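Read off the chains here:
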Amino acid sequence: MKNIFNFHRDQEVVEIREIYMEMKKTIVNCPQCGNSVIWQNESRFRPFCSKRCKLIDTGNWAMEKYSVAAEDKLSNDESD
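Below is a summary of the structure that appears in this document.

Scoring rules and cut-offs
Sequence order as written defines the numbering, with residues in each chain counted from 1. Under the rules for a predicted model, residues below a pLDDT of 70 receive no local features and side-chain atom pairs below 80 are neither given nor counted, while totals for whole chains, interfaces and linings still include all residues. To obtain the side-chain values, all non-hydrogen atoms of the structure were used and water was disregarded. Think of it this way: any DSSP run of H or I at least four residues long counts as a helix, any run of E at least two long counts as a strand, and we number them from the N terminus. When a residue's accessible area, from a 1.4 Å probe over protein chains only, is under 20% of the maximum for its type it is buried; when over 50% it is exposed; and in between it is partly exposed. Two distance rules govern patches: like charges are joined within 9 Å, and nonpolar side chains (Val, Leu, Ile, Met, Phe, Trp, Tyr) within 5 Å, applied only to residues with over 30% relative accessible area and no salt bridge. Shrake-Rupley sampling with a 1.4 Å probe provides the accessible areas, and residues are treated as covered by the protein chains on show and by no other component. Salt bridge, as applied in this entry: a Lys or Arg side-chain nitrogen positioned within 4 Å of an Asp or Glu carboxyl oxygen. We define the nonpolar core as a collection of buried residues of types Ala, Val, Leu, Ile, Met, Phe, Trp, Tyr and Cys that are connected through side-chain atoms lying within 4.5 Å of one another. Any two residues whose heavy atoms approach within 4.5 Å are treated as being in contact. We call two N or O atoms a polar contact when they sit within 3.5 Å, provided that within protein one can donate a hydrogen and the other can accept it, with sequence-adjacent residues counted only if both atoms are side-chain atoms.

1. With respect to the overall build of the chain
Right, so step 1: A count of helical and extended segments in the chain gives 3 helices and 2 strands.
Right, so step 2: Expressed as a percentage of its 80 residues, the buried residues of the chain come to 10%.

Below you can see the structure in the form of structure tokens.
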């Protein structure tokens, strides 16, 4: 009977650890649709929630709907 109790006790400790690890996971919002995404290796499309959202975002970059601001820092000597 004691072995069964120890087994259940060990199982409870493992389950508590798993719950704790779940609580510690970083959750981000998909930049395309806003759905929650757990930031982990198993999240194939992170930070996106799906392949669809990733492809939509890639298409927006390709169609130049997004841009990155930059300053032209060429000095007079470099521009000649």
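2. What about a nonpolar patch on the surface?
Right, so step 1: A surface patch of nonpolar side chains, amounting to about 320 Å² of accessible area, comprises Trp61, Tyr66 and Val68.
Right, so step 2: As for its placement among the helices and strands, tyrosine 66 is situated in the loop between α2 (51-62) and α3 (76-79).

3. A short note on unusual backbone geometry
Right, so step 1: In this structure, proline 47 follows arginine 46 across a cis peptide bond, with omega equal to 10°.
Right, so step 2: Secondary-structure assignment places proline 47 in the loop between β2 (36-38) and α2.

4. So, the nonpolar core
Right, so step 1: Grouped together as the largest cluster of nonpolar side chains are 5 residues: Cys30, Val37, Phe45, Phe48 and Cys53.
Right, so step 2: In contact with valine 37, not counting residues within four places along its chain, are Thr26, Ile27, Val28, Cys30, Ser43, Pro47, Phe48 and Cys49.

5. Things to note about the side chain of serine 43
Right, so step 1: Here serine 43 is to be found in the loop between β2 and α2.
Right, so step 2: Reaching out from serine 43, the side chain makes a polar contact with the backbone oxygen of isoleucine 38 at a distance of 2.5 Å.
Right, so step 3: Setting aside residues no more than four positions away along its own chain, serine 43 makes contact with Val37 and Ile38.

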